[in-house]
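Below are the chains, spelled out letter by letter.
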Amino acid sequence: MNKRVHARYFSRFLNLLPHRLSCHDSTRATIGFFSVSGIDVLDSLDLLSEESKKNIIDWIYSLQVIPKEGGLKCGGFQGATTLNLLDPPENYSTDQYKWGHLAMTYTCIAVLVILGDDLSRVDRKAIIEGVASVQRDDGSFSASVEGNEFDMRFVYCASCICFMLNDWGNVDKKLMSQYILKSIRYDGGVSQHLENESHGGTTFCAIAALQLSDQMHLLNSKQMEKLKRWLLFRQDGGFQGRPNKPIDTCYSFWIGAALKIIDAFELSNFKENREYILSCQDTIVGGFSKWSGTSSDPFHTYFGLCGLSFLREPGLLEVQPCLNISMRAFERLKNLHKIWQLHSQMEVQLNIE
Ligand SMILES: [Zn+2]
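From a predicted model like this one, the values you see are computed outputs, not experimental measurements. (Residues numbered from 1 in each chain as written. Predicted model: local features only at pLDDT ≥ 70, side-chain atom pairs only at ≥ 80, totals over all residues. Heavy atoms only, no water.)

Let us now look at the packing of aromatic side chains. Applying the stated criterion across every chain, the model contains 22 aromatic pairs. Plain terms: the ring middles of Tyr106 and Tyr156 are 5.6 Å apart, the flat faces sit at 80° to each other, and that makes the pair edge-to-face. With Tyr106 in helix 4 (residues 102-114) and Tyr156 in helix 6 (residues 152-164), the pair connects residues that are 50 residues apart, well separated along the chain. Across the pair, Tyr156 and Tyr106 agree in class, each one buried. Between Phe163 and Phe330 the ring centres are 6.2 Å apart and the planes differ by 10°, which places this aromatic pair in the stacked class. Placement of the pair is Phe163 in helix 6 and Phe330 in helix 13 (residues 327-352), with a sequence separation of 167 residues. With respect to burial, Phe163 and Phe330 carry one shared label: buried. Between the NZ or CZ atom of Arg136 and the centre of the ring of Phe150, over which it lies, the distance is 3.4 Å. Here Arg229 stacks its cationic end above the ring of Phe233, 4.6 Å away from the centre of that ring. (Phe/Tyr/Trp six-rings, centres within 6.5 Å; stacked < 30°, edge-to-face > 60°. Helix = DSSP H or I, 4+ residues; strand = E, 2+ residues; numbered from the N terminus. Buried < 20%, exposed > 50% of the residue type's maximum accessible area, 1.4 Å probe, protein only. Lys NZ or Arg CZ within 6 Å of the ring centre and 35° of its normal.)

Written out as structure tokens, the structure reads:
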């Protein structure tokens, strides 16, 4: 595998989005995440100059929403600074539509950590308040204060944010775990919404959220065995997301990471998985596609590389399966947690004195 060609592929998305990706403009932060984290997993951050790293960090901070005193608890990050309102309502003000989005907040914080920022400009308190304010009565989370999307993806993003900021505030972890446990299906997988079909991406989100919130012990041994079986049965060369669906590069991450978390990845067939992922790479332009012979995109490129990292592909950094960032970035995050802890201990001591 030519690492450099894939790193250069990602670096292109940091400057300009091709026309066919213009529909993703409102979620540009996630493309920034795939590119920056992808370059990191390829151990090629040297491809970015110090100036361009600084520009990316400043751009990420420009996406942060700082809530107004006494206003909506809408702290977090937006996906882009542009608002595509073709038909803006009367008395339209851009401020009116500013609120953090859980997926954007998770990916923005991850980009900052990967690039070595100390998160000192992150309004941690407002973000955790924002996460707690979008938790629903059933334990799941909406994507944003005004959003109506809610499912396991946002349970996962909420868990990543609280773990990364090392603060669960008023988030009800127990209620969250109840939502997850209720979504486990008869076949051992987990569904996006209650009573739906088990899905590979959702299953990863649920298992990672349990791990990040330190609630893995809530799964009993029977549930664990059925889960392991459901995940391992998704392999057919590469991995599929659901029974009777074609295999797809990104599931080498979703299913692979879930298997890593429950310590069962070694039971999968490494050789076939690797062969499938590598068959989806574009060796000239760079990147990976979902199926062999189709065009590559940043999403499948990132997850394909993470899948290869689980297979210990030479030259790739190890990936932390729950947070979906390199172990190097994960260690940096753990160091930040230690510094925050020291600061708060010092503050307590100063107050006593
Ligand atoms: Zn896919």
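The next subject is the coordination of the zinc ion. At this site the zinc ion is bound by Asp248 (OD), Asp248 (OD), Cys250 (SG) and His300 (NE2), with donor distances of 2.1 to 2.6 Å. Its four donor atoms give the zinc ion angles of 53 to 114° at the centre, a pattern that matches the irregular case. The sequence pattern formed by the donor residues of the zinc ion is D-x1-C-x49-H. Judged by relative accessible area, which is 7%, Asp248 ranks as buried. (Donors = N, O, S within 2.8 Å, 3.2 Å for Na, K, Ca; no water. Tetrahedral: all angles 85-135°; square planar, octahedral: opposite > 155°, others 65-115°.)

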